[in-house]
Amino acid sequence: MVNSPPLAQLPFELPPFESIRPEHAEGAIDAVLTTNRRALETLRCALNDPAQVITWDTLVAPLDEMGERLRRVWGPISHLFSVTNTVEWRQAHNACLPKITSFNLEISQDYTLYKAYQALASGSHFPKLSAARQKVIRDALRDFRLAGISLPEGEKKKYRAGALRLAAAQTKFEENVIDAVQAWEKYVPEESSLTGMKSAGKERARQKAADKGRDGYLLTLDFPSYDAVIRYADDRALRREIFEAYATRASDQGPLAGRFDNTPLIEEILGLRHEQATLLGFANYAELSLASKMAPSVVAVESFLLDMNVRVRSKAFAELDRIKTLAALDGIADFESWDLPYYSERLRTERLGFSEDQLRPYFSAPRVLRGLFELVERQFGVRVEAIDGVTTWHRDVRTFGLRDADNRWIGFFYLDPYSRQDKRGGAWMDECVGRHRDADGVHLPSAYLTCNFGRAAEGSPPLWTHTEVVTLFHEFGHGLQHMLTNVDEAAVSGIRGVAWDAVELPSQFMENWCFDGECLRSFARHWQTDEPLPDALLLKLTASRSFLTGLSTARQLELALFDLRVHRDYDPGAGARIGLTLDAVRREVSVMPPPPFSRMPQSFGHVFAGGYAAGYYSYKWAEVLASDAFSAFEEAGFAPDTGRSFRDTILALGGSEEAMDVFVRFRGRPPTIDALLRQIGLELGIKA
Ligand code: ZN
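1. Overview of the overall build of the protein
So, step 1. Regarding its fold elements, the protein presents 26 helices and nine strands.
So, step 2. Rg of the C-alpha trace for the protein: 25 Å, near the compact-globule value of 26 Å for 688 residues, within the 12% margin.
So, step 3. Along the longest, intermediate and shortest principal axes, the C-alpha atoms of the protein span 85 × 60 × 60 Å.
So, step 4. Sorting the 688 residues of the protein into buried and exposed places 58% on the buried side.
So, step 5. The contacts of the protein with a sequence gap of at least 6 include a subset with a gap of at least 24, amounting to 74%.
So, step 6. Roughly 27800 Å² of accessible area belongs to the protein as shown, and the carbon and sulfur atoms make up 51% of that amount.
So, step 7. Seen as two clouds, the 81 positive and the 94 negative side-chain charges of the protein have centres 1 Å apart.

Printed below as a string of structure tokens:
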């Protein structure tokens with residue numbers, strides 16, 4: 001590894017993680033909010049002065065400055081809360097959250113500011129502003145309206161109270177899921193009970209037991225641990241037990257029934273969202289959610305999902321039949337949900353001639369990272385360099401900088417790859433600093449890339465599954481859009497200001513490389529022998545792209561339709577009726593409904609704790625864009641121009657133009673669904 005540059009020479013502003021303690025959080029937030037409120041008062045006075053000329057510099061710049069000042073303090077606090085979810089961080093985060101929410105509401109419901117934005121938008125100066133600045137102003141006016149700026153004072157107050165309660169309820173939802181995961185474990189004394197499980201999974205379970213001073217094995221519900229059992233353990237009763245614990249997390253069912261039950265919170269969250277939507281004049285929350293997205297209407301989204309369902313349904317059933325047939329050979333006549341991952345994996349081994357586990361030796365962490373970095377250098381002309389000596393929040397975390405072709409630094413990221421007890425599950429990219437220009441010049445972007453991969457077993461480097469490699473590429477795609485932006489306006493640089501249902505474009509686009517033969521050949525090498533992934537195995541892997549995609553698509557459609565309808569159909573008189581909605585959705589799209597005790601919504605954090613509310617469809621929506629974008633690379637034979645053009649448009653423009661316009665700039669035409677259908681192995685043209 002090349003020596004990394006000394007920290008003092010780095011042009012990045014990174015949080016001083018060594019000195020950020022939960023007990024400092026609230027005081028720091030109070031201080032920054034006091035400063036901001038003072039600045040806001042000064043701004044209001046100036047705007048109320050009839051002599052004041054309203055320009056970008058007198059209105060937007062001071063607000064941006066407040067926003068960045070707050071983000072610098074709040075960003076690390078909310079990040080540490082996600083990756084170190086201890087009691088202390090929870091208390092600190094939860095003490096700050098209502099203060100932040102209140103301040104943001106004060107701004108978004110401030111009539112003086114709103115009038116000033118209106119004046120700016122209708123002034124003679126407006127057409128002379130850059131396209132990015134015009135978009136910032138249009139977005140701001142929309143967001144004022146979506147925060148209830150035009151409501152009478154009583155209703156504004158109601159909106160504010162609802163928003164505060166909603167923020168707290170969503171946080172509690174997430175905490176319940178984390179607590180439920182942490183509260184369950186199963187001790188297994190004998191290795192013989194774990195037959196079928198792969199050595200890495202067993203080793204991690206052994207390590208967990210050893211950490212608690214015990215011999216034997218400890219099974220837990222964090223995803224790598226759950227997956228290692230449900231996919232490989234021969235013992236059907238064990239699979240059922242862990243399935244039940246996992247499928248009932250934070251609910252009224254299963255081994256921890258009622259202890260962390262999210263059902264009342266779901267009721268409350270959906271009720272509050274519906275109230276906000278109707279206050280703003282929408283029929284339901286799904287309409288409110290779509291008001292700032294690329295998709296034109298709730299009807300259009302539902303039609304898109306149902307059309308996909310029609311296309312994919314027979315493939316999904318055929319796949320399930322094949323899996324059941326295989327299980328029947330083992331004498332399983334009553335095929336159940338806890339058999340599905342296990343026999344899917346068996347079918348994969350049988351049909352494709354390899355298992356996920358067989359690939360792991362070719363995906364050692366250092367090799368995969370090098371492969372990913374070489375790819376972005378080849379395609380987008382940016383070099384990634386490890387940077388040592390940066391203080392982080394955990395010894396697992398690694399730090400990297402991005403340089404442009406002319407050697408200038410352009411961005412920075414933290415990579416936190418491994419699962420930990422107190423870390424939120426899943427994988428995500430979040431911004432640390434967003435690119436923006438102010439009086440001091442340009443501030444460079446930095447990102448957090450967070451995953452929950454299984455740890456290295458003793459005696460080897462971390463060996464990732466192909467699925468984990470795909471996840472890394474996915475999050476890195478978000479990171480690229482955040483870091484390769486060339487937009488200087490804080491509100492629309494990087495991923496900011498990008499319509500939510502287009503945000504998964506760069507991320508899902510990057511996943512394609514993990515199925516591309518040339519790209520895989522460049523980095524998939526055995527960690528011990530340095531042998532490349534054998535051609536036969538490589539072909540099988542690339543061919544596996546469409547393997548069981550009927551089932552996985554049906555599952556995504558189920559989640560997306562449930563999310564859309566549960567927000568669309570909320571009825572204050574009847575409540576959320578999540579069970580009813582879910583059953584109806586499953587009758588339409590599910591090919592393998594789970595057992596009655598299963599409680600999917602109670603751990604559906606994307607929708608009930610995160611930003612995907614009435615927006616989970618975004619994954620599928622953006623997948624159309626992502627596959628179509630990747631097909632441009634295939635059509636051009638991966639000529640360097642295509643990478644350059646992708647960088648200059650989709651990765652560079654951020655939210656400075658409408659998502660559709662940016663896509664058309666790159667592709668030369670609006671998106672079509674053909675590439676996605678090819679990718680999931682569906683013939684073109686058949687619709688029924
Ligand atoms: Zn994503």
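From this point, the discussion proceeds with the structure in view.
2. Description of the coordination of the zinc ion
So, step 1. Only His474 (NE2), His478 (NE2), Glu504 (OE) and Glu504 (OE) from the protein reach the zinc ion as donors, at distances of 2.1 to 2.8 Å.
So, step 2. The site at the zinc ion holds four donor atoms, and with the angles between them running 51 to 140°, its shape is irregular.
So, step 3. Every donor residue of the zinc ion comes from the same chain, spaced as H-x3-H-x25-E. Of this pair, histidine 474 sits in helix 16 (residues 466-483) while glutamate 504 is found in helix 17 (residues 504-511), placing the two residues 30 residues apart along the sequence.
So, step 4. Under the relative-accessibility criterion, histidine 474 is labelled buried at 9%.

3. Thoughts on the pattern of salt bridges
So, step 1. With the rule as written, the count across this model stands at 62 salt bridges.
So, step 2. Salt-bridge contacts for glutamate 106 lead to arginine 37; the nearest nitrogen and oxygen are separated by 2.6 Å. One end of the pair, glutamate 106, is in helix 3 (residues 87-108); the other, arginine 37, is in helix 1 (residues 22-48), with 69 residues separating them in the sequence.
So, step 3. Judged by its relative accessible area of 29%, glutamate 106 falls in the partly exposed class.

4. Side note on the domain arrangement of the protein
So, step 1. The domain boundaries assigned to the protein delineate domain 1 (5-150), domain 2 (184-247), domain 3 (263-352 + 549-616) and domain 4 (366-546).
So, step 2. Carbon and sulfur atoms make up 53% of the surface buried where domain 2 meets domain 4, a total of about 490 Å² over both sides.
So, step 3. Three residues stand out in domain 2 for area buried against domain 4, namely Glu203, Arg204 and Pro224, and they jointly supply 63% of the buried area on that side.
So, step 4. Scanning the region where domain 2 abuts domain 4 turns up zero salt bridges.
So, step 5. Applying the counting rule to domain 2 against domain 4 returns zero residue pairs in polar contact (both at pLDDT 80 or more).
So, step 6. It is helix 7 (residues 199-211) that provides the largest number of residues to the side of domain 2 that touches domain 4, a total of four residues.

5. A short note on the state of the cysteines
So, step 1. Applying the stated criterion to the full structure yields zero disulfides.
So, step 2. Not engaged in a disulfide, the cysteine cysteine 96 finds its nearest cysteine sulfur in cysteine 432; these two sulfurs lie 17 Å apart.
So, step 3. A relative accessible area of 0% places cysteine 96 in the buried class.
So, step 4. Looking at cysteine 519, it has no disulfide partner, and the nearest cysteine sulfur is the one in cysteine 514, 6.8 Å off.
So, step 5. With relative accessibility at 2%, the residue cysteine 519 sits in the buried group.

6. Details of unusual backbone geometry
So, step 1. In this structure, alanine 250 is a non-glycine residue whose phi angle is positive, near 55°.
So, step 2. Here alanine 250 is to be found in the loop between helix 9 (236-247) and helix 10 (263-279).
So, step 3. Judged by relative accessible area, alanine 250 falls into the buried class, the value being 4%.

7. Some details on the packing of aromatic side chains
Remark: the centre distance and the inter-plane angle together describe each pair of aromatic rings, the angle taken between the planes.
So, step 1. Scanning the model with the defined rule gives 50 aromatic pairs in all.
So, step 2. For the ring pair phenylalanine 412 and tyrosine 414, a centre distance of 5.1 Å and an interplane angle of 80° mean the geometry is edge-to-face.
So, step 3. Judged by relative accessible area, phenylalanine 412 falls into the buried class, the value being 0%.
So, step 4. Using a relative accessible area of 0% as the deciding quantity, one classes tyrosine 414 as buried.

8. Here we look at the pairing of strand 4 (residues 398-403)
Regular strands show a simple pattern: their side chains alternate between the two faces of the sheet.
So, step 1. Extensive coverage of strand 4 is indicated by the burial of five of its six residues.
So, step 2. Pairing analysis gives six bridges linking strand 4 to strand 5 (residues 409-418), with the strands arranged antiparallel. Paired with threonine 399 across the two strands is tyrosine 414, which belongs to strand 5.
So, step 3. Between strand 4 and strand 5, which pair antiparallel one after the other, the connecting turn spans five residues, and asparagine 407 there sits at a positive phi close to 80°.

9. Points about the nonpolar core
Generally speaking, nonpolar side chains in soluble globular proteins are found buried as a group.
So, step 1. Formed by 171 residues in total, the largest nonpolar core has its most connected members in Phe380, Phe413 and Phe509.
So, step 2. Excluding residues within four positions of it along the chain, phenylalanine 509 makes contact with Phe380, Ala626, Ala629, Phe630, Phe633 and Phe646.
So, step 3. With 57 residues, the next largest nonpolar core counts Leu80, Ala132, Ile137 and Ala167 among its residues.

About the cut-offs
Residues numbered from 1 in each chain as written. Predicted model: local features only at pLDDT ≥ 70, side-chain atom pairs only at ≥ 80, totals over all residues. Heavy atoms only, no water. Helix = DSSP H or I, 4+ residues; strand = E, 2+ residues; numbered from the N terminus. Rg over C-alpha atoms; globule rule 2.2 N^0.38 Å. Buried < 20%, exposed > 50% of the residue type's maximum accessible area, 1.4 Å probe, protein only. Contact = heavy atoms within 4.5 Å. Areas by Shrake-Rupley, 256 points an atom, 1.4 Å probe, with all protein chains shown as cover. Lys, Arg positive; Asp, Glu negative; His and termini not counted. Charge placed at Lys NZ, Arg CZ, Asp CG, Glu CD. Donors = N, O, S within 2.8 Å, 3.2 Å for Na, K, Ca; no water. Tetrahedral: all angles 85-135°; square planar, octahedral: opposite > 155°, others 65-115°. Salt bridge = Lys/Arg side-chain N within 4 Å of Asp/Glu carboxyl O. Domains from an automatic or database assignment. Buried area = accessible area lost by both parts, 1.4 Å probe. Polar contact = N/O pair within 3.5 Å; in protein donor to acceptor, adjacent residues only side chain to side chain. Disulfide = S-S within 2.5 Å. Phe/Tyr/Trp six-rings, centres within 6.5 Å; stacked < 30°, edge-to-face > 60°. Pairing = 2+ DSSP bridges. Core = buried A, V, L, I, M, F, W, Y, C linked by side-chain atoms within 4.5 Å.

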